[in-house]
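Inside the fold
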Amino acid sequence: MTSAPAKAGWRFRQPSVIPGFGLTLGFSLAYLTLIILIPLSGLVWRSASLGWTDFWAIATDRRTVKALEISFGTAFIAAAVNVVFGTIVAWVLVRYRFPGRRVIDAMVDLPFALPTAVAGIALTTLYSPKGWMGSLLAPLGIKVAYTPLGIVIALIFIGLPFVVRTVQPIIEEIDKEVEEAAATLGANRFQTIFLVLFPGLAPAVITGFALAFARGVGEYGSVIFIAGNLPYISEIAPLLIVIRLEEYDYAAATAIATIMLALSFLMLLVINLIQSRTRKRYG
Amino acid sequence: MEVRVSNVRKEFDRFPALRDVSLDIRSGELIALLGPSGSGKTTLLRLIAGLERPTRGTIFFGDEDASNRTIQERNVGFVFQHYALFRHMTVADNIGFGLKVRPSAKRPTKAEIRRRASELLDLVQLSGLEKRYPAQLSGGQRQRVALARAMAIEPRVLLLDEPFGALDAQVRRELRRWLREIHDATGHTTIFVTHDQEEALELADRVVVMSQGRIEQIGTADEVYDTPNSPFVYGFIGESSSLPVKVEDGQVWISDRPIGLAAPDLPDGEATLYFRPHDIELLDECNGCIAGTVAASRRVAGTRRVELEIGGGRERVEIELPVGHPAAQKSRVAFRPKRWKVFPKMAE
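No experiment lies behind these values; they were computed from the predicted model shown.

**What to know about the domain arrangement of chain B**
All names here are of chain B. Domain parsing of chain B yields domain 1 (3-235) and domain 2 (240-347). Here domain 1 and domain 2 have C-alpha centroids that lie 40 Å from each other. Residue-level contacts link four residues of domain 1 with six residues of domain 2. When grouped by side-chain class, the residues that make up the side of domain 1 that touches domain 2 number three nonpolar, one polar and no charged.

Given below as structure tokens:
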């Protein structure tokens, strides 16, 4: 115990007697500064050189706003879809033993490993009006490739492993006894799943959602092939940044990047707040 | 509610966990299933709950055959060793869960559920903790919540699987007394599983001693302790010493000497003598006794335990002596068990 009087507010928690606190904290801070903080502050610095009026003009430009809308909107939808189906996939992989389970389990990681451009080209080939899937959907009047729907599909593909891999270990941890307890109390299978099991998964599902969403917002490689990249319709913000860079308009590029940074930060902050609230309760 | 288990057999992957078990439990009784691990006691409990299906045999609740009833229909309260509370629900929601999931026709109103939950919290002496989450409670408190949750559905039978197994000794003793009080107050037919004989003997109306998938003996604490009916029960309940003996002409022999114990009903042949270390009388002169040399002696609380070598060191038995007794220091001690039992060899 420290003899210092307890003060309100921020305080170091007494590190354990095992040495290494100073070294590891110093390393972590230096590392994070080097890898994350310096590049990001450079970004903000660069866009700040733009001046407020110019910055505002770029930020409120219709093309920028549309691109941001598309980026965040499609990422949100894709993450939401992944939450539902990723959780089901994780559930099946944990709960059931069937031939080929290990292969499917390994397949989930493919979007991690595959170069995103390859994924984009593959999806485009499949979903283009003459492609395998696209030709089936075309008669129904559904156009996938070269529309925002295509972007969503690419992002679902990219984001799936994030949800599966965060939810899977938590499902593995579910105590069989909790389900049995619910059953002895008279809950049917449906009630057990929706009242007992899923609420317990919520923190992991939110994390998975956050990861898939963040990945989706920043995704570039796979999207540009399938999106068609029509300004105001299917042009994503990262692409707009690249376009500005190619025009040597570095200030505009960094301005859009800064806006994306701020928005992403805000959304992750909200997600983390939700999470810490659920964690505090029953973590 | 009476529970009748009739010729139940349960196999897991062809391995029999229960072999032909029959058991009658009277309404309102507090029964302990006692046995070492692997004896099938938890399996029997889970069969009664419906968490497992018997391979053969029937389970009756009253006159009704419950074997084909689902877990939900059986309406049993089950308390798990590791509580199995719903950790995302408050204590009150945990307790009310069984009422909340009822079909709407039988479901009490929300206010009624809340009232019932706080009533049960009073009963388990946790009033005022409605809003807490399980993670904020101690082990003993969690187990009380688990019991309240099980009782909320007005179960026909209350089943407890090693309810105090995960708690420390102090809390265990406290909860044991408290469970007895709850049982006496509510009158639920209660079956609990334990491997702690002290717990079983102290708490239960009747104890069911199990071993290797069979029921060895059913009886009150006095019956299973004073008149064990098998070598296993003798060895498992309380302390015991055993010696290989021979029965001839209705007398018990060690090597070539009778030891002054008559066993008129036993067939001649090899047998094993069982007795309690404290249930002996010391003899000054030996005409018909067990005699041995002191090999080790240790102080146990208010008495002294002496290990004797019988018959030239081939067998050892333990007996209990008063602390000041000179025999503790003597190298040779003669005694005769006051209460004992001889089991023929083949019965083991």
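Picking up after the structure, the text goes on.
**Considering the domain arrangement of chain A**
Residues and elements named next belong to chain A. Assigned domains within chain A: domain 1 (21-50) and domain 2 (51-282). Averaged C-alpha coordinates put domain 1 and domain 2 at centres separated by 27 Å. With seven residues of domain 1 at the interface, the matching set in domain 2 holds 10 residues. For the side of domain 1 that touches domain 2, a count of residues per class yields four nonpolar, two polar and one charged.

**A look at the UniProt feature "domain: ABC transporter" (unreviewed entry) in chain B**
UniProt's feature table lists "domain: ABC transporter" (unreviewed entry) at residues 3-237 of chain B, given in the numbering used throughout. In residues 3-237 of chain B, helix accounts for 37% and strand for 26%; the two terminal C-alpha atoms are 25 Å from one another.

**Notes on the interface of chain A and chain B**
The figure often quoted for interface size is the accessible area lost as the parts come together. Counting residues at the interface gives 19 residues for chain A, matched by 21 residues for chain B. Broken down by secondary-structure element, the contributors of at least two residues to the side of chain A that touches chain B are α9 (176-184), α10 (189-218) and α13 (250-282) of chain A. When residues in the side of chain A that touches chain B are grouped by element, the largest group, six residues, is from α9(A). A breakdown of the residues in the side of chain A that touches chain B according to their chemical character gives nine nonpolar, six polar and four charged.

**Considering the sheet that holds strand β16 (residues 290-300) of chain B**
Residues and elements named next belong to chain B. Pairing is antiparallel in the open sheet, where five strands are placed in the order β15-β19-β16-β17-β18. Each edge of the sheet is formed by a strand with only one pairing partner; in this case those strands are β15 (280-283) and β18 (315-322). Strand-to-strand twist of the sheet, defined as the mean angle between neighbouring strand axes without regard to direction, takes the value 45°. Bridge count between strand β17 (residues 303-310) and β18: eight bridges; the pairing is antiparallel. Each residue of the ladder has a partner; that of Glu307, found in β18, is Glu318.

**Side note on helix α6 (residues 169-186) of chain B**
All names here are of chain B. For α6, built from 18 residues, the straight-helix expectation of 26 Å at 1.5 Å per residue is met to within 8% by its first-to-last C-alpha distance of 26 Å. Within α6 the residues assigned to the buried category are Leu175, Leu179, Ile182 and His183. Each buried residue of α6 sits inside an arc of 95° when the element is viewed along its axis, so together they form one side. Exposed positions of α6 whose direction lies more than 90 degrees from the buried face are Gln170, Arg177, Glu181, Asp184 and Ala185. Residues of α6 that are buried sit in contact with β3 (30-34), α4 (110-123), α5 (139-152), β8 (189-194) and α7 (197-203). Remark: Gly187 follows α6 within two positions and exhibits a positive phi of approximately 75°.

**Quick notes on the sheet that holds strand β1 (residues 3-12) of chain B**
Strand pairing in a sheet is mediated by backbone hydrogen bonds. Such pairs are either parallel or antiparallel. All names here are of chain B. If you trace the four strands from one edge of the open sheet to the other, you get β2-β1-β4-β5, paired in antiparallel fashion. Two strands in the sheet have a free side with no partner beyond their single neighbour: β2 (15-25) and β5 (64-65). In this sheet, β5 lies alongside strand β4 (residues 56-61) in antiparallel orientation, the contact comprising two bridges. Across the sheet, residue Phe61 finds its bridge partner in β5, namely Glu64. In the packing of helix α1 (residues 41-49) onto the sheet, contacts are made with β1, β2 and β4, and the angle to β1 comes to roughly 115°.

Scoring rules and cut-offs
- The numbering scheme is per chain: residues are counted from 1 as the chain's sequence reads.
- Throughout, the order in which chains and ligands are written sets their labels, letters from A for the former and numbers from 1 for the latter.
- Under the rules for a predicted model, residues below a pLDDT of 70 receive no local features and side-chain atom pairs below 80 are neither given nor counted, while totals for whole chains, interfaces and linings still include all residues.
- All the domain ranges listed were derived from an automatic or database domain assignment.
- With C-beta atoms placed from the backbone, a contact is any residue pair whose C-beta atoms sit within 7 Å.
- As a working rule, the residues Ala, Val, Leu, Ile, Met, Phe, Trp, Tyr, Cys and Pro are called nonpolar, Asp, Glu, Lys and Arg charged, and the rest polar, with Gly in that last group.
- UniProt positions are given in the numbering used here, feature names are shortened, and annotations may be inferred rather than shown by experiment.
- Only DSSP runs of H or I reaching four residues or more are called helices, and only runs of E reaching two or more are called strands; each is numbered from the N terminus.
- For two strands to be treated as a pair, DSSP must find no fewer than two bridges joining them.
- Lines are fitted to the C-alpha atoms to define the axes, a helix being fitted only along its stretch in contact, and any angle between axes, read from their N-to-C directions, falls within 0 to 180 degrees.
- An expected span of 1.5 Å times one less than the residue number is assigned to each helix.
- Residue burial here comes from a neighbour count, namely the number of other C-beta atoms, placed from the backbone, that lie within 10 Å of the residue's own C-beta, with 20 or more meaning buried, 12 or fewer meaning exposed, and in between meaning partly exposed.
- It is the directions from the helix axis to the C-beta atoms whose arc is reported.

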